[in-house]
Amino acid sequence: MARIPKGLEKQFNVLDFSLSSLWRRKLKNLGIMLVFALVIFLLGSFQMLTGALTNSAETVLENTPEITIQKMSAGRQEAIPLAYKDKLGSIYGIRAIIPRIWGYYFDESHLANFTVLALESDSMPSGDKLNLTLSHGHFPKISEPGTAVLGRSVYDILGLGKRRVFSLFKPDLSLKSFETVGVFNRETDLLTNDLIVMGLADARDLFAIQESMVTDLCIYVANPTEIETIAKKIAGLLPDTRVLTKSQIQKTYQVVFSWRSGFASICLLTALVAFAILAWDKASGLSPEEKREIGILKILGWETADILAVRFWESTLVSTFAFIIGCTAAYIHVAFFDASLLKPVMVGWSVIHPPFKLLPSVTVADLMLIFSFSVMPYLGATVIPAWRCSTVPPDSVIR
Amino acid sequence: MRPSYILFFIILFFFFVDATLFIHSQRLEEELRSVEKIQKIAVSGLGLTDLCVATEARYTRNPAVSDPMAPFMDHPGALEHFPTGSFWAPEPIKSFR
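Per-chain numbering applies: the sequence of each chain, read as written, is numbered from 1 onward. To read the labels, note that chains go from A and ligands from 1, taken in the order they are written. Under the rules for a predicted model, residues below a pLDDT of 70 receive no local features and side-chain atom pairs below 80 are neither given nor counted, while totals for whole chains, interfaces and linings still include all residues.

A few words on the domain arrangement of chain A. Residues and elements named next belong to chain A. For the domains described, the bounds stem from an automatic or database domain assignment. Taken domain by domain, chain A consists of domain 1 (6–59 + 257–398) and domain 2 (94–221). Put simply, the middle of domain 1 and the middle of domain 2, counted by C-alpha atoms, are 49 Å apart. Contacts between the two partners involve five residues from domain 1, matched on the other side by nine residues from domain 2. Residues that form the side of domain 1 that touches domain 2 fall into these classes: four nonpolar, one polar and no charged. Our contact criterion uses C-beta atoms placed from the backbone: two residues qualify when those atoms are within 7 Å. Nonpolar residues are Ala, Val, Leu, Ile, Met, Phe, Trp, Tyr, Cys and Pro. Charged residues are Asp, Glu, Lys and Arg, and all others, Gly as well, are polar.

Attention shifts here to the nonpolar core. In globular proteins that are soluble, nonpolar side chains generally tend to be buried together. Each nonpolar core consists of buried Ala, Val, Leu, Ile, Met, Phe, Trp, Tyr and Cys residues. Their C-beta atoms, within 7 Å, join them into a set. Here exposure depends only on C-beta density: within 10 Å of a residue's C-beta, 20 or more other C-beta atoms make it buried, 12 or fewer make it exposed, and intermediate numbers make it partly exposed, the C-beta atoms being placed from the backbone. In this structure, I40(A), V116(A), I196(A), V197(A) and V334(A) are the most contacted members of the largest nonpolar core, which totals 96 residues. Think of it this way: any DSSP run of H or I at least four residues long counts as a helix, any run of E at least two long counts as a strand, and we number them from the N terminus. Take this core: its biggest share by element is 16 residues, from helix 2 (residues 26–60) of chain A. Every residue in contact with V197(A), bar those within four places of it in the chain, is listed here: L117(A), F139(A), P140(A), A148(A), V149(A) and L46(B).

With that out of the way, let us pick up the packing of helix 1 (residues 6–24) of chain A against helix 1 (residues 3–46) of chain B. At a minimum axis separation of 8 Å, helix 1 of chain A and helix 1 of chain B run at an interaxial angle of 80°. In terms of their interaxial angle, helix 1 of chain A and helix 1 of chain B are classed as roughly perpendicular. Where helix 1 of chain A approaches helix 1 of chain B, its residues F12(A), L15(A), D16(A), L19(A) and S20(A) are matched on the opposing element by P3(B), S4(B) and L7(B). Considering only residue class, the contact of helix 1 of chain A with helix 1 of chain B consists of five nonpolar, two polar and one charged. Axis definition: a line fitted to C-alpha atoms, limited for helices to the stretch in contact. Angles are taken between N-to-C directions and run from 0 to 180 degrees. By definition in this entry, angles of less than 35 degrees are roughly parallel, angles greater than 145 are roughly antiparallel, angles of 65 to 115 are roughly perpendicular, and the rest are oblique.

Our focus in this paragraph is the pairing of strand 7 (residues 147–150) of chain A. All names here are of chain A. Covered by surrounding structure in strand 7 are T147 and V149 together with A148 and L150, the residues of both alternating faces. Here, any two strands with at least 2 DSSP bridges between them count as paired. Direction of pairing for strand 7 relative to strand 9 (residues 175–184): parallel, over a ladder of four bridges. Paired with A148 across the bridge in strand 9 is T180.

All names here are of chain A. Position of S319 relative to the elements: it lies in helix 11 (residues 304–336). Residue S319 is classed as buried on the basis of its C-beta count, with 25 C-beta atoms lying within 10 Å. Distance from S319 to M376, taken between C-alpha atoms, is 8.6 Å for residues 57 residues apart in sequence. With near-sequence residues (within four places) excluded, S319 lies in contact with F36, S374, V375, Y378 and L379.

Turning our eyes to something else, we now look at the confidence of the model for chain A. In low-pLDDT segments, the atomic positions of the prediction should not be examined closely. Mean pLDDT for chain A: 85, with 95% of residues reaching 70 or above. What pLDDT reports is the predictor's confidence in each residue, on a scale of 0 through 100. Model confidence for chain A, summarised as mean pLDDT per element, is weakest for helix 14 (residues 394–398) of chain A at 67 and strongest for strand 7 of chain A at 94.

Confidence in the prediction for chain B averages 78 pLDDT; 67% of positions are at 70 or higher. The ipTM for the predicted assembly is 0.80, set against a pTM of 0.82.

Shown next as structure tokens:
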């Protein structure tokens with residue numbers, strides 16, 4: 001049998017001693033490890049969930065309209081005249097301008113917010129393939145007034161069952177009836193769960209918007225490298241509008257889901273700080289028993305470096321296992337349980353609950369960040385006091 | 001048995017658990033990639049700008065294109081009324097205005 005090199009054998013012995021020492025105080029060490037793992041689990045889950053949402057948004061939303069124009073008045077968004085479309089005719093490079101109406105419909109009986117969307121889908125990119133996004137039915141045609149396509153949650157909340165007709169209130173509280181001609185399929189839930197898609201004329205009637213108005217104009221350009229230039233030209237030509245480019249919309253998502261800027265992350269960081277204080281208190285305040293143990297070891301001939309090695313192994317084992325358990329549990333939580341602990345914070349008071357079938361985002365950078373936030377301070381909090389104790393004369397400690 | 005051998009078996013256990021989860025993540029990624037095609041059609045065909053995550057307030061459903069005044073209307077650091085608002089950072093200055 002191959003012999004273990006002497007240096008390694010010594011480390012194995014130190015490791016064995018550290019493990020026995022951890023086992024002697026198992027209640028304290030297991031307690032610290034579990035609380036530590038819980039903090040890492042919360043941080044990790046939050047990071048994996050927000051990362052997954054950001055990734056999803058980045059991938060899926062790369063096909064959003066290249067430029068969106070909205071009219072602003074007194075700092076608020078209002079309907080934009082269709083005549084603005086003609087004003088943009090002079091800008092070279094615009095491929096298509098598609099008027100769109102979108103708004104929110106608050107269903108008072110179910111306290112749910114639906115998103116109503118209306119546009120001529122035939123003129124949109126991939127408009128001819130839109131029926132693939134439906135589980136059954138087809139998109140409303142111009143020749144079919146009073147028809148709509150519903151997101152799955154809207155369909156469920158309205159309790160349509162086998163019925164196809166539903167009614168929505170107009171601003172004057174009269175009812176407008178719609179016939180359901182299609183329902184979105186499960187795969188698009190993350191995007192279409194709360195949508196009611198209808199024709200422009202129906203949306204105008206529902207929201208009492210004038211014939212000459214829409215809520216925004218979607219603009220597609222011939223050359224994608226010219227998006228910024230064309231956006232600047234539009235901003236100059238229509239000074240009372242807000243011009244949003246695709247990259248700005250995508251940037252919004254990088255910000256909104258960024259856990260570093262969210263209030264929830266502050267709560268989690270507070271938990272981390274609270275744990276750091278607990279760890280410091282538990283680990284740094286060596287009990288008289290532990291001090292005596294260090295003293296005896298020194299009398300027996302152990303060097304300061306050996307005692308430090310034991311403390312280092314103990315802290316490394318506790319913190320690394322807490323890290324592994326926390327991160328593994330976080331992945332399982334997000335991937336298999338749809339982040340059920342964080343979901344209430346994410347959806348708030350929403351009545352429509354979106355599906356969270358997401359791929360947890362696990363990146364080396366994030367793991368390193370969590371590692372350096374959690375394991376490093378713990379190592380510092382435990383090794384430094386042991387070094388302080390092991391440098392004092394042993395007779396003063398055991399006396 | 002030496003305690004370090006027991007530790008080795010525990011590490012091996014976690015290695016297998018995490019390796020299984022890694023394989024799971026690869027499969028899930030493949031599964032979601034096939035769904036992505038349909039999602040992209042929905043986005044380009046309807047000109048969608050946002051994910052349907054939080055529908056409780058109009059500006060949390062469509063943060064990129066909704067009324068810029070609604071969230072943080074008191075001041076940029078104000079705590080939000082809606083729970084999901086706690087996830088929402090003040091949006092970057094993005095208009096060409």
